[in-house]
Structures are given as structure tokens and as C-alpha cells.
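Analysis of the macromolecular model
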Amino acid sequence: MTGITTIGFDADDTLWHCEQVFKDTQDWLIDLLADYVEGDHLSERLLEAERRNINHYGYGAKSFTFSMMETAMDVTSDRVPASVLRQIMEAGREMLSHPVHLLPQVEKTVKGLSLDYKIILITKGDLFDQERKLAQSGLGDYFDAVEIVSEKETDTYRTVFSRHGNGAARSVMVGNSLKSDIVPAIRAGSWGIYVPHDVTWELEYAEAPTDADRFRTVPNLADAAEFIRSLP
Ligand SMILES: [Mg+2]
């Protein structure tokens, strides 16, 4: 037996909406600080803060909250009132209780595939928040394993697909981030099925590995399932 046995799914913006909540919160921050700074400049500074802070706080809403607060202090030369910082903290907390909205066809597709394959959720982000979102999604029972990791690198996929499956070569990774889900999974020896989402965080950008044999782009999760089932 040499066929595909295992499917890894990214979570944020592959199974459920996520980035839009960050974008909406960023737009709110631009309005909040409009007296101090132009929107474009704020977005640039915020992105710089996010990039720096990943190394300290990892991914997710908590890290983003620190980045918003730091940016507010930076762009006001530390003159930002404490009441504004408090509003930012509250906005961050709201993100952590934002309801989970599944993308179209997700439940049916994941359920169907779980009958014939080992299904693994592979996500980075804040442990607490990702556990909450998985619980709220109602998808928890379909997954044979859940891996919440600090970074998604080639070794991550090698390890996870060996631990829970039959190795990377007999696995498929499905996700919306070329940088985190697709490129490293293909490097590990898996298939990488790219399902683009209309909003993607700038720090998740990477060139599509168009010359890799095990790379496909599909418009949605149902098409991803159909393609996976066609694999020998
Ligand atoms: Mg994602």
C-alpha cells in the first residue's frame, strides 16, 4: 500500500473565517487613532510591530493586541491616553470571543473525508483561542488528531505526519497559506493543496511552488476533497 492515508487541514481561513476579524479590528484602530496618524502609515507601523512580536508572543489575537498597543504608543510618541489603550485591550478581548463562522461546504467535506482518511488539524496561533474555536466549530469529532504548533516548518510536517499517519509522502496538506501550509508541506514530501482565501495576512505571502509536482490550487474545500480522492 502506497496511497494517501492522511490529510492535514489548516484551520484559520481554511475551515473558518479569521483574517477578516483582524482586518476589521485594524480598520477600527485606524479610526480610533485618526487624530494622530494617517491610516496607511499606521498600517505600515502595525505590520512592523506584528513581524517583531511574532518572535516574542507567537501568532494570534493576543499577539496582535500587543502590536496594536505598541503601535498606538509609537505613532503618538507615547502620548496616547490610557483610556485609548484600554479600548484597544477591550477590542483584543472581543476578538478572542468572536463567534466561529465555518467556510462553505466545510462540515460536509471534512465529515466525508474523515470516513476514509486520517484527518489532522494543524494550526498555529494562540493555544487557548485555537482550542476555543475548534470547540465552537463543531468539527472536533472528525479529527483524529489536533496539533497546535508555534510555527509551521518543513520539520513540523515531517513530524506530525509521521506521528499521526504513515509519513509525509502519504499525506496531503490543505490550507490557505502558501508560506505556512503549502511550501513547507511539499518540502517535507507531502501534497500541498492550496485553497486561496480572499483575505490573506501580508506576512503569509510566498511565491506559489508552481513547478512542484505535488502542488495544486483549487477554489474550495469540496474541490480539494474531489482531487484528494482522485489520487492513487
Ligand atoms: Mg490559514
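As a reminder, the structure under discussion sits directly above these lines.
For the structure given in this document, a descriptive report is provided here. (Residues numbered from 1 in each chain as written. Predicted model: local features only at pLDDT ≥ 70, side-chain atom pairs only at ≥ 80, totals over all residues.)

**Thoughts on the nonpolar core**
Counting residues in each nonpolar core, the largest one holds 35 residues, and the members touching the most others are I7, F9, V172, M173, V174 and I193. Elements represented by at least two residues in this core include exactly β1 (6–9), α5 (106–114), β2 (118–124), α7 (154–164), β4 (171–175), α8 (178–188), β5 (191–194) and α9 (221–230). By residue number, the principal contributor to this core is α8, which donates six residues. Apart from the residues within four sequence positions on either side, I7 is in contact with L113, Y117, I119, V172, V174 and I228. Of all hydrophobic cores here, the second largest spans 10 residues; its members include L42, L46, A49 and I88. (Core = buried A, V, L, I, M, F, W, Y, C linked by C-beta atoms within 7 Å. Buried ≥ 20, exposed ≤ 12 C-beta atoms within 10 Å, placed from the backbone. Helix = DSSP H or I, 4+ residues; strand = E, 2+ residues; numbered from the N terminus. Contact = placed C-beta atoms within 7 Å.)

**Quick word on the pairing of β4**
Of all five residues in β4, five are buried, a share of seventy percent or more. Here β4 shows a buried face lined by S171, M173 and G175 and a second buried face lined by V172 and V174. Across four bridges, β1 lies against β4 in parallel orientation. Bridge pairing in β4 links T6 to S171. In terms of strand pairing, β4 meets β5 through four bridges, oriented parallel. Looking at β5, one finds that V172 is bridged to W191. After leaving β4, the chain enters α8 and then returns to the sheet as β5, a path that is right-handed. (Pairing = 2+ DSSP bridges. Right-handed = clockwise from strand over helix to strand, strands pointing away.)

**Section: the packing of α7 against α8**
Across the interface, α7 lies against α8 with an axial gap of 7 Å and an inter-helix angle of 65 degrees. Judged by the twist between their axes, the crossing of α7 over α8 is right-handed. Taken together, the residues of α8 that come into contact with α7 (itself represented by T154, T156, Y157 and R158) are P184, A185, R187 and A188. Partitioned by chemical class, the residues of the contact of α7 with α8 number four nonpolar, two polar and two charged. (Axes fitted to C-alpha atoms, helices over the stretch in contact; angles between N-to-C directions. Left-handed = near helix turned anticlockwise from the far one by under 90°. Nonpolar A, V, L, I, M, F, W, Y, C, P; charged D, E, K, R; others polar.)

**Quick notes on the environment of N166**
Considering the arrangement of structural elements, one finds N166 in the loop between α7 and β4. Distance in space between the C-alpha atoms of N166 and R229 is 17 Å, their sequence separation being 63 residues. Here N166 is in contact with T5 and T6, once residues within four sequence places are set aside.

Bear in mind that shape data such as this cannot, by itself, settle questions of function.
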